[in-house]
Amino acid sequence: MGKIQILTRGIIKDNPIFVLLLGLCPTLGTTSSAMNGLGMGVATMFILVLANIVISIFKDVIPNKVRIPAYIVIITTLVTVLELLIKAYMPGLNSALGVFIPLIAVNCIVFARVEAFASKNNVVNSALDGLGAGLGFTMALTLLGVVREMLGTGMFFGYKFIEGDGVLIFVLAPGAFIALGFLIAIFRKVAKATSI
């Protein structure tokens, strides 16, 4: 498999949200606005890339019997560093995302990519795989955040462009499910029509 295929697979063919339906808790919980979706996506992408790199480097050193606990320690350490950086330099994002930042440590997308790819491939390919899955996740969260913010508040990345209040349900949890369902259907229809 070529490097471009490794990178683009997580964006389109194996998109964590629209195709694999992984990581739905942070997807539904953090996308009340486009900026929150983008922030959560970038934070998760950061962890995906670094975790894949570190685990790919140490894959031959970690005994098979303790690989899962070792992965947990590595991922949790990376998430702790990320959480401290976000608290220090982006307090607004930290308060908006809250508990979802430390929960990146147990996000099934991160474990899926580490176990399925990074533990079996070289560092460069593992980094590309993490970047591709992270870009796909970020794209999905940002798009869902844009849709929910536009319909729920009449805003786009915090800028008001429609008069009125919007439809409140799209800012709430049921609106997340409704918007995500429509986006999954659209994504799959487009992917099928274009044979991606």
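This text goes with the structure placed above it.
Rules used throughout
Residues numbered from 1 in each chain as written. Predicted model: local features only at pLDDT ≥ 70, side-chain atom pairs only at ≥ 80, totals over all residues. Heavy atoms only, no water. Helix = DSSP H or I, 4+ residues; strand = E, 2+ residues; numbered from the N terminus. Buried < 20%, exposed > 50% of the residue type's maximum accessible area, 1.4 Å probe, protein only. Contact = heavy atoms within 4.5 Å. Core = buried A, V, L, I, M, F, W, Y, C linked by side-chain atoms within 4.5 Å. Axes fitted to C-alpha atoms, helices over the stretch in contact; angles between N-to-C directions. Parallel < 35°, antiparallel > 145°, perpendicular 65-115°, else oblique. Left-handed = near helix turned anticlockwise from the far one by under 90°. Nonpolar A, V, L, I, M, F, W, Y, C, P; charged D, E, K, R; others polar.

Undergrad: Describe the environment of P102, listing the residues and the values that go with them.
TA: Within the element layout of this structure, P102 appears in the loop between helix 5 (91-97) and helix 6 (108-118). In this structure P102 comes out as partly exposed when scored by relative accessible area, which is 31%. Here the alpha-carbon distance between P102 and N52, two residues 50 residues apart in the chain, equals 18 Å. Sequence-distant contacts of P102, that is, excluding residues within four places in its chain, are made with V79 and E83.

Undergrad: Residues and numbers for the nonpolar core, please.
TA: Judged by nonpolar contacts, the single largest core of 40 residues is most densely connected at F18, I47, I75, I104 and V110. Elements with a contribution of two residues or more to this core: helix 3 (34-58), helix 4 (67-89), helix 5, helix 6, helix 7 (123-153) and helix 8 (173-194). Per-element accounting of this core gives the leading share, eight residues, to helix 4. If we skip the residues at most four places from it in the chain, I75 touches I47, A51, A105, V110, F111 and V114.

Undergrad: Tell me about the packing of helix 4 against helix 6, residues and numbers included.
TA: Look at helix 4 against helix 6: their axes get within 11 Å of each other, and the N-to-C directions meet at 125°. Considering their axes alone, helix 4 and helix 6 lie oblique with respect to each other. With respect to the hand of their crossing, helix 4 and helix 6 are arranged in right-handed fashion. Note on element contacts: helix 6 touches helix 4 through V110, F111, V114 and E115, opposite R67, I68, Y71, I72 and I75. By residue class, the composition of the contact of helix 4 with helix 6 is seven nonpolar, no polar and two charged.

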